[in-house]
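Residues per chain, in single letters:
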Amino acid sequence: MPIYLDHNATTPLDPRVLQAMLPWLEGTHGNPSSVHQFGRAAHAAIETARRQVAALVNAETAQVIFTGGGTEADNLALKGVCRGKPGSLLVSAIEHAAVQGPADALAKLGWQVQHIVVDAHGCLRLDALDRALGDEVRLVSVMFANNETGAIQPVADVAARAHARGALVHCDAIQAPGRVPLDFAALGVDLLSLSAHKLNGPRGVGALIVSRHLQLAPLVEGGGQEHGLRGGTENLAGIVGFGCAAALAREEQPARAVQLRALRDRFESGLHAFPDIRVFAADAERLPNTSQIGVEGFDGEAVVMELDRRGIAVSSGSACHSASGRPSHVLLAMGLDEATARSAVRVSFGRENTEADVDAILAALRQILKSWREHARAVAW
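Computed from a prediction, not measured in an experiment: that's the story for all the values here. (Residues numbered from 1 in each chain as written. Predicted model: local features only at pLDDT ≥ 70, side-chain atom pairs only at ≥ 80, totals over all residues. Heavy atoms only, no water.)

A. How the structure looks around the sheet that holds strand β10 (residues 290-295). Here three strands make up an open sheet; going across it, the order is β9-β10-β12 and the pairing antiparallel. Two strands bound the open sheet, and with one partner strand each, they are β9 (277-279) and β12 (344-348). In this sheet, adjacent strand axes meet at a mean angle of 30° when their direction is disregarded. Along the sheet, helix α8 (residues 236-270) contacts β9, β10 and β12; its crossing angle with β10, the most-contacted strand, is approximately 15°. (Pairing = 2+ DSSP bridges. Helix = DSSP H or I, 4+ residues; strand = E, 2+ residues; numbered from the N terminus. Axes fitted to C-alpha atoms, helices over the stretch in contact; angles between N-to-C directions. Contact = heavy atoms within 4.5 Å.)

Okay, here's the thing in structure tokens:
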């Protein structure tokens, strides 16, 4: 049976989430904006989901704006704040394409975009942030945890420093829920992006948590839904599924973290037998499910494909860049050379994985590298 170890790309839909969604897919069909009983029922379902998502991150219900996914939430955060006269925008050098993309678009509109460097462990350097912060900086965007290495960023410290200079703070926290505790109020950020499909919810639905004092410009206008920030009839079944997944993640997160960390630690302990494999960001605080490794002397994409041939699904980094052929910008930002960056393989565990899955990937890696080394020696001879 195939083994799925790519949960940072997407997670399987929880059967309990599917059951919560089915009534809204099969028979109940009211528009949430309609005033009749069908519309009121649909509206009530959305508001229940809004409360569930808010509770997941310790936010107020009114602060939750549903979107069409995490990428849209990131775009709404950056473009919604950075409107009008261009100013300065700071983003970390390891942000996901969902943040880098709108930052690049804003740069074409005259915004000064600066990338804040990270250290060798993949963590944002606060001294570099301090030097970049100025009165003209309107927004700082720093992810909670990196999708490739799993390295957790000092978001609360970033928020304190940025606010002291009058800047707002956005945090892409899409990889965090269900894996580590996430507290919007305690972080002190102004905007927080989430995505349902990273916590065993449906694809195509996300949320932006917005501080009450902010006035954002909408990306999608028309209809007035989501406090006027996201026009269009809501993805009712998806939002209900997101709410259910959020409630389950909130309840089960402590147990999930223990399970995931045990699997990751078993995997990385097994890697000690591989002298030519290193774990990136090993000394950083990381998500409990994530291990990005480098296989010295080999191309990471080739390792990924060979594992796939053996029924094991992993990735070489972000799924959004998997077909680009470019080395990981995250690893390059950490100071690694291109050859090392190209050797990257990301293993990300989920709650359905077992110790047997860990042992299977270790055995497969052992066989693959042994075979490739023997072939290299034969060719050299």
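B. Molecular detail of the pattern of salt bridges. Under the counting rule described, the total for this entry stands at 21 salt bridges. With its nearest N and O atoms 3.1 Å apart, the salt bridge here joins Arg266 to Asp359. Placement of the pair is Arg266 in helix α8 and Asp359 in helix α12 (residues 355-380), with a sequence separation of 93 residues. Owing to a relative accessible area of 34%, Arg266 belongs among the partly exposed residues under this scheme. With a closest N to O distance of 2.5 Å, Asp276 and Arg373 form a salt bridge. Remark: Arg373 occurs in helix α12 and Asp276 occurs in the loop between α8 and β9; sequence separation between them is 97 residues. Of the residues examined, Asp276 reaches a relative accessible area of 15% and is grouped as buried. Several salt bridges converge on common partners, so that one network encompasses Asp14, Arg16, Glu252, Arg256 and Arg351. (Salt bridge = Lys/Arg side-chain N within 4 Å of Asp/Glu carboxyl O. Buried < 20%, exposed > 50% of the residue type's maximum accessible area, 1.4 Å probe, protein only.)

C. Molecular detail of the packing of aromatic side chains. Tallied over the full model, the rule gives two aromatic pairs. With 6.1 Å between their ring centres and 65° between their planes, Phe66 and Phe242 make a pair best called edge-to-face. Of this pair, Phe66 sits in strand β2 (residues 64-67) while Phe242 sits in helix α8, and the two are 176 residues apart along the sequence. Judged by relative accessible area, Phe66 falls into the buried class, the value being 2%. A relative accessible area of 0% means that Phe242 is categorised as buried. Where Phe267 meets Phe349, the ring centres are 6.0 Å apart and the plane angle is 70°; that geometry is what we call edge-to-face. (Phe/Tyr/Trp six-rings, centres within 6.5 Å; stacked < 30°, edge-to-face > 60°.)

D. Just the sheet that holds strand β3 (residues 88-92), in detail. Taken in spatial order, the seven strands make up an open sheet running β2-β8-β7-β6-β5-β3-β4, and their pairing is mixed. The open sheet is flanked by β2 and β4 (112-116), the only strands paired with a single partner. Taken over all neighbouring pairs, the strand axes of this sheet differ in orientation by 20° on average, direction set aside. With five bridges connecting them, β3 and β4 associate as parallel partners.

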